[in-house]
Amino acid sequence: MADIRTVLVTGGAGFIGSAVIRHLINDTDVRVVNVDKLTYAANLKSLLSVSDDPRYAFEQVDIGDSGELERVFRTHDPDIVMHLAAESHVDRSIDGPEDFIQTNIVGTFRLLQVARAHLDTLDGDRRAAFRFHHISTDEVFGSLYPGDPEFTETHAYDPRSPYSASKAASDHLVRAWGETYGLPVVLSNCSNNYGPYHFPEKLIPLMIIKGLQGEPLPVYGKGDNVRDWLQVEDHARALWTIASTGVAGERYNVGGNNEKTNLEVVEVICDLLDEMAPPLSDGKARRSLISFVTDRPGHDFRYAIDASKIKRELGWEPRDTFETGIRQTVRWYLDNADWWQPILDGTYKLDRVGTGSKTAG
Ligand code: NAD
C-alpha cells in the first residue's frame, strides 16, 4: 500500500472533526488539511493544541464552492478525504432546513465531483489507496422500538427529520459515486457522540453547563428516548481505522454499546456535578433541576448500533464505557470554562478574527 501522506478533513473545526485532527497530528505522521467554512458550530480553539504543527494546514472554504475546492485539492494533493462537514443539529434542521440541504447534499455532491477529478490525477499505489470516507449518522436508519434488533449496515433507510434526510441523501450520493464513477468510497454511520469540545447546544454539554450553573434542565417528553453513546475520541480512532484500512465500497457502523435514556444521561450528569462541583446555593441535589418540556416533533424513539462488523473486520472497539467517558467529560467542562464560556456569551465569534484566514502549514 502507498504511504498515506496527506489527509483532507472537511469540518475539522467542529466537534468530531477536531477530535479526528488532534488524533491524526498526535498519533500518526500524516499531514492534515482542515477544510472548514467556520459556521457557528466551528471553533478553532478546539485545535489550539495542534494548529502550530507544521503538518497542519487550514483552509477556510465552503464545500459548496467548487472553484475553491479545486484550488485546495490542487494545492494539497490529498491521499485520503475524510468528509465530516455538515449542518448537524436536528432542532436547527426543523427550524431552518435550507442550510442542511445546501451543505449536506449539494456540498457533498460538489466535494464528490472534485474528488473524482482529483482521483484522475493519481496513479499506481496512490490511486489504489485513495479513499473518500463519508462520515454519517445512525439517524438515517430511523427509529427503533424497545426490543428491536440494533441497526446493522444493511438496515433499511428511514430518515425522519430534515437533518437525517439530508444525511441519508448524502450517503446515497456517495454510494452512487462509488458504483457509477468508481470513486473508492467508504461510509460509516455512527451513534451519538459526546466528549470534550462539544458545542453547548447538544444534550450532554448543555446539561453539564446548565447543571453547573444551577439552571433548569429541560428534558424532552418523558426523557425515555434512547440513544447509544460513543466517546468522541473512540469515534476519531474508528474513523481513522476506516479511512486508512477500510475496504472500498464497504460501510461500517460505529457505536459504543451504551444505550441510555435521555433521563438516565441527565441524572448521571447531575450526580457527577453534585460530586465534583460546588453545591447548589439551596443545598438541593441537582436532579431537582430536571423539568420535562414538550417533545420535539418527529422525535425518534430509539437508536442502537450493531458495531460487530468494524470489530471483526478492522479490529476497532471503544476504549471508554459510558461511565468512564461521561466522568472525564464532566471533569473537562469543569476545567475548561475558557473554551465554553465565550460560546455562551457570544464572544467566540470575535476569537475567529485573525485565525479564520487561509493558512497553509
Ligand atoms: P459540528 O456541527 O460540530 O461540526 C460541523 C463542522 O462543519 C463545523 O466546523 C462547520 O463549520 C463545518 N461546516 C458546516 N458547513 C460547512 C460547509 N458548507 N463547508 C465547510 N465546512 C462546513 O458537527 P459534528 O458533531 O462534529 O459532526 C461531524 C459529522 O459527523 C457530521 O457529518 C455529522 O452528521 C456526523 N455525525 C455526528 C454525530 C454526533 O453525535 N455529533 C454522530 C454521528 C455522525
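Just so you know, these numbers come straight off a predicted model, no measurement behind them.

Criteria and cut-off values
Along every chain, residues carry numbers that run from 1 in the direction the sequence is written. Two thresholds apply to this predicted model, a pLDDT of at least 70 for residue-level local features and 80 or more for giving and counting side-chain atom pairs, whereas whole-chain, interface and lining totals are computed over all residues. Heavy atoms from the whole structure form the basis of all side-chain values; hydrogens and water molecules are not counted. Under the DSSP-based scheme used, a helix requires at least four consecutive residues in state H or I and a strand at least two consecutive residues in state E, with every element numbered from the N terminus. Only C-alpha atoms enter the radius of gyration; for comparison, a globular chain is expected to reach 2.2 Å times N to the power 0.38, where N is the number of residues. Three labels apply to residues, based on accessible area from a 1.4 Å probe with only protein chains included: buried if under 20% of the type maximum, exposed if over 50%, partly exposed otherwise in between. To measure how exposed things are, a 1.4 Å probe is used in the Shrake-Rupley method; for residues, cover is taken only from the protein chains shown. The convention is simple: Lys and Arg are positive, Asp and Glu are negative, and His and the chain ends are not counted. Positions of charges follow a simple convention, taking NZ of Lys, CZ of Arg, CG of Asp or CD of Glu. By convention in these notes, a salt bridge is any Lys or Arg side-chain nitrogen within 4 Å of a carboxyl oxygen on Asp or Glu. To get an axis, fit a line to the C-alpha atoms, keeping to the stretch in contact for a helix; angles then go from 0 to 180 degrees between the N-to-C directions. Each angle receives one of four descriptions, namely roughly parallel if under 35 degrees, roughly antiparallel if over 145, roughly perpendicular if within 65 to 115, and oblique otherwise. A contact between two residues is defined here by any heavy atoms of the two lying within 4.5 Å. Side-chain classes follow a simple rule in which Ala, Val, Leu, Ile, Met, Phe, Trp, Tyr, Cys and Pro form the nonpolar group, Asp, Glu, Lys and Arg form the charged group, and the remainder, Gly included, forms the polar group. We call a residue near a molecule or strand as soon as one heavy atom of that residue lies within 4 Å of the molecule or strand. Definition of a polar contact: a pair of N or O atoms within 3.5 Å, with one able to donate and the other able to accept a hydrogen when the atoms are protein atoms, and with sequence-neighbouring residues admitted only if both atoms are side-chain atoms. We call two strands paired when DSSP finds no fewer than two bridges between them. This arc is taken over the directions from the axis of the helix to the C-beta atoms. Take the number of residues in a helix, subtract one, and multiply by 1.5 Å to get its expected span. Cavity and pocket criteria rest on a 1 Å grid covering protein atoms alone: a 1.4 Å probe that fits but cannot get out defines a cavity, protein on both sides within 12 Å along at least 5 of 7 lines defines an open pocket, and an atom within 4 Å of a point defines a lining residue. Grid points are joined across faces, edges and corners, and a volume is the space filled by probe spheres set on the points. Confidence of the predictor at the level of single residues is captured by pLDDT, which takes values from 0 to 100.

Engineer: I tried to follow the overall build of the chain on my own but got confused; where do I start?
Structural biologist: Check the secondary structure of the chain and you find 13 helices and twelve strands. Against the 2.2 N^0.38 benchmark of 21 Å for 361 residues, the chain shows a C-alpha radius of gyration of 20 Å, consistent with a compact globule. For the C-alpha atoms alone, the extent of the chain along its principal axes is close to 65 × 50 × 40 Å. Per-residue burial over the chain gives 55% buried out of 361 residues. Within the structure as shown, the chain displays about 14900 Å² of accessible surface, and the carbon and sulfur contribution to it stands at 50%. Where the 38 positive side-chain charges of the chain centre and where its 54 negative ones centre are 1 Å apart.

Engineer: Looking at this model, I keep getting lost on the pattern of salt bridges. Mind explaining?
Structural biologist: Side chains carrying opposite charge are able to pair once their charged atoms draw close together. Using the criterion set out here, one finds 23 salt bridges in the structure. In this structure, Glu 259 engages Arg 302 in a salt bridge whose closest nitrogen and oxygen atoms are separated by 2.8 Å. Of the two residues, Glu 259 is situated in strand β11 (residues 259–261) and Arg 302 in the loop between β12 (290–293) and α10 (308–314); the sequence distance between them amounts to 43 residues. Through salt bridges with shared partners, one network takes in Glu 59, Glu 68 and Arg 71.

Engineer: Just to check I follow, could you spell out the packing of helix α7 (residues 203–213) against helix α12 (residues 337–344) for this structure?
Structural biologist: Helix packing geometry: the angle between the two helix axes and the distance between the axes. Following both chains from N to C, one finds α7 and α12 inclined at 90°, their axes separated by 12 Å at the closest point. Our classification of the angle between α7 and α12 gives roughly perpendicular. Touching Ile 209, Leu 212 and Gln 213 of α7 are Trp 340, Gln 341 and Leu 344, all from α12. Residue composition of the contact of α7 with α12, grouped by class: four nonpolar, two polar and no charged.

Engineer: I tried to follow the site of the ligand on my own but got confused; where do I start?
Structural biologist: If you check the shell around the ligand, you find 28 residues, and the closest are Ile 16, Asp 36, Ser 88, Tyr 163 and Lys 167. Measuring from an oxygen atom of the ligand, one finds a backbone N or O atom of Gly 14 at 3.0 Å. Between an oxygen atom of the ligand and a side-chain N or O atom of Asp 36, the distance comes to 2.6 Å. When the free accessible area of the ligand is taken as 830 Å², the share hidden by the protein chains comes to 96%. Sorting elements by how many residues they give to the shell around the ligand places strand β5 (residues 131–137) first, with three residues. Split by residue class, the shell around the ligand holds 14 nonpolar, ten polar and four charged.

Engineer: Is there a simple way to explain the pairing of strand β10 (residues 251–254) in this structure?
Structural biologist: Look at any regular strand and the pattern is simple: side chains alternate between the two faces of the sheet. Neither face of β10 is exposed, since Arg 251 and Asn 253 on one face and Tyr 252 and Val 254 on the opposite face are all buried. Summarising the sheet, strand β6 (residues 185–190) and β10 pair through four bridges and their orientation is parallel. Looking across to β10, one finds that Leu 187 is bridged to Arg 251.

Engineer: I keep staring at α12 and nothing clicks. Help me out?
Structural biologist: For the α-helix, the turn length of 3.6 residues means that residues three or four positions removed from each other point alike. Buried within α12 we find Trp 339, Trp 340, Pro 342 and Ile 343. The arc that holds every buried residue of α12, seen down its axis, measures 155°, which confines them to one face. Among the residues trailing α12, Gly 346 stands out with phi positive, at a value near 85°.

Engineer: Explain helix α8 (residues 232–245) to me, please; I cannot follow it from the model alone.
Structural biologist: Here α8 spans 20 Å end to end across 14 residues, near enough to the 20 Å set by a 1.5 Å rise per residue. Counting buried residues in α8 gives twelve out of 14 residues, a clear majority hidden from the surface. What α8 keeps buried is the set Val 232, Asp 234, His 235, Ala 236, Arg 237, Ala 238, Leu 239, Trp 240, Thr 241, Ile 242, Ala 243 and Ser 244. Looking at where α8 begins, the residue whose side-chain oxygen comes 2.6 Å from the main-chain nitrogen of Glu 233 is Gln 231.

Engineer: It is not clear to me how the sheet that holds strand β1 (residues 6–10) should be interpreted in this structure. Could you clarify?
Structural biologist: Strand pairing in a sheet takes place through backbone hydrogen bonds and is either antiparallel or parallel in direction. Here seven strands make up an open sheet; going across it, the order is β3-β2-β1-β4-β5-β6-β10 and the pairing parallel. What marks the edges here is a single partner per strand, and that holds for β3 (56–59) and β10. Going from strand to strand, the sheet's axes swing by 20° on average, the running direction of each strand aside.

Engineer: Explain empty space enclosed by the protein to me, please; I cannot follow it from the model alone.
Structural biologist: Where empty space is left can be seen by rolling a probe of water-molecule size over the atoms. Applying the stated criterion across every chain yields a total of one cavity of 30 Å³ or more. Taken as a whole, the largest cavity encloses approximately 50 Å³ of empty space. In this structure, the largest cavity is lined by Val 90, Ile 94, Glu 139, Ser 161, Arg 296, Pro 297, Gly 298, His 299, Asp 300 and Tyr 303. When the residues that make up the lining of the largest cavity are grouped by side-chain class, the tally is four nonpolar, three polar and three charged.

Engineer: Please explain the confidence of the model for the chain as it appears in this structure.
Structural biologist: Caution applies to low-pLDDT regions: their predicted coordinates should not be interpreted in detail. Per-chain confidence: the chain averages 94 in pLDDT, with 96% of residues scoring 70 or above. Note that pLDDT drops below 50 for residues 352–361; the model gives that stretch 26 contacts with residues more than four away or on any other chain.

Engineer: Hey, could you run me through the environment of Leu 344 in this one?
Structural biologist: Along the chain, Leu 344 falls in helix α12. Note: C-alpha distance between Leu 344 and Leu 119 (225 residues apart in sequence) is 42 Å.

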